Amino acid sequence: MKRLQQFGFGIATISFLFALVMYVMGMGGQTGIPVIIGFVGLIVGMMLSEPLKGYVFSVLIFMSVALAMYYPSLFQTIGEFELKGLIIPILMVIMFGMGTSMSVEDFLGVLRMPKGVLVGIICQFTIMPFVGLGLASLSGFPPEIAAGIILIGCSPSGLASNVMSYISKSNLALSLTLTMIATLLAPFITPFLMQLLADQLVPIDFLSMMQSILKIVIGPVVLGLILNTILKGERFERVKKILPLVSMAGIVLIIAIITAAGRDSMLTIGWILMLVVVVHNVSGYFLGYLLGKGVGLDEASARTVAFEVGMQNGGLASGIALEMGKLATMGLAPALFGPFMNISGSILATVWKERPMEIKDETLE
């Protein structure tokens, strides 16, 4: 295993260096094969490394972006079928998986941690939308791309924030509760915020957006919750164990499809948009943590709020952009936000993991 790990890292190093040499020699358009081989070698090496295997999913996302940038036709059509038609069904499967991880008891989290839940939800739907508005206004991007920055800010948190709270030994119960409530509120709050903040950039149909989110999120989540409540047994448990892997594969494919659709715009403004995404994401962590501590949350809960605010449901934002027929423009910011937040979230979770904090009982607060 050690030799295979070294072989993987060796292939990655040689391939990336070869691609760099080709780029310097003016052969950038032909670097696709060595870059992809480099990512494959890197993934093999990381999977066999205990400290690094937790980052494999993030590297897979970056590899999918690279594939879509070099070979966009792979993720655009198969015959006469447009692959973007898979985005909504995949999102519904992901949301169904989220529902199967819930139980009626999870709703009691609101009663057990009222202060943390209230602070987290307020931060979720104020910090990121208004930071997104500020960044979109300063960016000078075309209206639809700027609206995508606001859209990712107005989206709820996703499953990634729960994973990071678990890894970092933060308040996982609070994280699950916040994600659940933010997701259930999204059909109403996200369209309202988009109409308030982005209507001057693109026409926002409140009812249409609300219906889209209800279809993509609420229906599958409720179905998953119901099945998790009434179905017991080994078969359903096996299905529940498979769903996270299906969700991860689905996210990788969605990001590749969105990247392929917006490839031309990405080549034009990609680095600037990436900088905007980085600032947006990091601002969410910093301000979420700062405000959580400012109102008296314990350290573990403040860290959880940071993850819930900084890590948005990029898949849902992409689905909304698709439903609006603006995947190649409004979908760009969510497509970049997803990969970066997984990297930054993993790093932050690893740092905080070394300094676990006791979770204070907030039931009576």
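Conventions we followed
Residues numbered from 1 in each chain as written. Predicted model: local features only at pLDDT ≥ 70, side-chain atom pairs only at ≥ 80, totals over all residues. Heavy atoms only, no water. Helix = DSSP H or I, 4+ residues; strand = E, 2+ residues; numbered from the N terminus. Contact = heavy atoms within 4.5 Å. Core = buried A, V, L, I, M, F, W, Y, C linked by side-chain atoms within 4.5 Å. Buried < 20%, exposed > 50% of the residue type's maximum accessible area, 1.4 Å probe, protein only. Polar contact = N/O pair within 3.5 Å; in protein donor to acceptor, adjacent residues only side chain to side chain. Phe/Tyr/Trp six-rings, centres within 6.5 Å; stacked < 30°, edge-to-face > 60°.

Draft legend 1. Just the environment of G270, in detail. Structurally, the position occupied by G270 is in helix α13 (residues 263-294). Taking C-alpha positions, G270 is 34 Å from V221, a pair spaced 49 residues apart along the chain. Once you skip the residues sitting within four places of it in the chain, G270 turns out to touch S265 and L336.

Draft legend 2. View of the nonpolar core. In terms of nonpolar packing, the biggest core is built from 93 residues, with I87, F141, I149, M194, V217, L273 and F307 touching the most fellow members. Look past the residues within four positions of F141 in its chain and what remains in contact with it is A146, I149, I269, I272, L273 and V276.

Draft legend 3. Structural view of the environment of M46. Along the polypeptide, M46 turns up in helix α2 (residues 32-47). When the C-alpha positions of M46 and Q6 are compared, they lie 9.8 Å apart, and in sequence the two are 40 residues distant. Once residues within four sequence positions are removed from consideration, M46 is found in contact with F9, L52, K53, Y55, V56 and V59.

Draft legend 4. Focus on the side chain of S161. Within the element layout of this structure, S161 appears in helix α9 (residues 159-167). S161 gets classed as buried once you look at its relative accessible area, which sits at 0%. A distance of 3.4 Å separates polar atoms of two side chains, one belonging to S161 and the other to T179. Beyond its immediate stretch of four places on either side in the chain, S161 contacts S175, T179, F307, E308 and M311.

Draft legend 5. View of the packing of aromatic side chains. Scanning all chains against the criterion turns up five aromatic pairs. Ring centres of Y285 and F307 lie 6.2 Å apart, and the angle between their planes is 80°; on these two criteria the pair is classed as edge-to-face. Remark: F307 occurs in helix α14 (residues 299-310) and Y285 occurs in helix α13; sequence separation between them is 22 residues. You'll find Y285 and F307 in the same group, each marked buried. With a centroid separation of 5.7 Å and 35° between ring planes, the pair formed by Y289 and W352 is classed as tilted. One end of the pair, Y289, is in helix α13; the other, W352, is in helix α16 (residues 332-353), with 63 residues separating them in the sequence. Classification of Y289 by relative accessible area gives partly exposed; the value is 24%. Grouped by ring-pair contacts, the aromatic residues Y285, Y289, F307 and W352 constitute a single cluster.

Without other data, these values stay purely geometric and don't point to any function.
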